[in-house]
Amino acid sequence: MPEREERKRLEAELSGFLTEGEMETEDQDAAVRRRLAPRTEIRIQTSIDPIVEETARYRKMAKEVDDRYDGYLSRVNDKKKTDE
């Protein structure tokens, strides 16, 4: 029985601690905005395409077996012709 009374006393004390004073409330809109990560996008505009340049360098060193980048290079070259 003493354990039961001790438990009730502790529960009442804990309840008092938890309900004591005013609850701190937070503006929900501000909290949501603070938790959201900002949307950032970094774009760098270059005069040359680094993929095209790197592919050209590799093709000088070795022959490409499966021609993976031929489609990309043809699209880039077509775009260059239309831009000029």
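Predicted, not measured: the structure shown is a model, and the values here were computed from it.

S.K.: With reference to specific residues and values, describe the overall build of the protein chain.
M.R.: The helix and strand tally for the protein chain stands at 4 helices and 0 strands. From first element to last, N terminus to C terminus, the protein chain shows the α and β order α-α-α-α. Computed over its C-alpha atoms, the radius of gyration of the protein chain comes to 33 Å, more than 25% above the 12 Å expected for a compact globule of 84 residues. Structurally, the protein chain occupies a C-alpha span of about 90 × 35 × 15 Å along its principal axes. Per-residue burial over the protein chain gives 8% buried out of 84 residues. In the structure as shown, the protein chain presents an accessible area of about 9,100 Å², 52% of it carried by carbon and sulfur atoms.

S.K.: Mind laying out the pattern of salt bridges, listing which residues take part and the relevant values?
M.R.: In the structure shown here, the tally under the stated rule is 4 salt bridges. Note that Arg7 is salt-bridged to Glu11, the shortest N-O span being 3.4 Å. Taken together, the residues span about one helical turn, with Arg7 and Glu11 both in helix α1 (residues 2-19) at a distance of 4 residues. Note on Arg7: relative accessible area 57%, which makes it exposed. Put simply, Glu13 and Arg9 hold a salt bridge, and the shortest N to O gap is 3.1 Å. Here Glu13 and its partner Arg9 are both found in helix α1, 4 residues apart, which amounts to about one turn of the helix. Classification of Arg9 by relative accessible area gives partly exposed; the value is 43%. A single salt-bridge network, built from bridges that share partners, covers Glu6, Arg9 and Glu13.

Basis of the calculations
Residues numbered from 1 in each chain as written. Predicted model: local features only at pLDDT ≥ 70, side-chain atom pairs only at ≥ 80, totals over all residues. Heavy atoms only, no water. Helix = DSSP H or I, 4+ residues; strand = E, 2+ residues; numbered from the N terminus. Rg over C-alpha atoms; globule rule 2.2 N^0.38 Å. Buried < 20%, exposed > 50% of the residue type's maximum accessible area, 1.4 Å probe, protein only. Areas by Shrake-Rupley, 256 points an atom, 1.4 Å probe, with all protein chains shown as cover. Salt bridge = Lys/Arg side-chain N within 4 Å of Asp/Glu carboxyl O.

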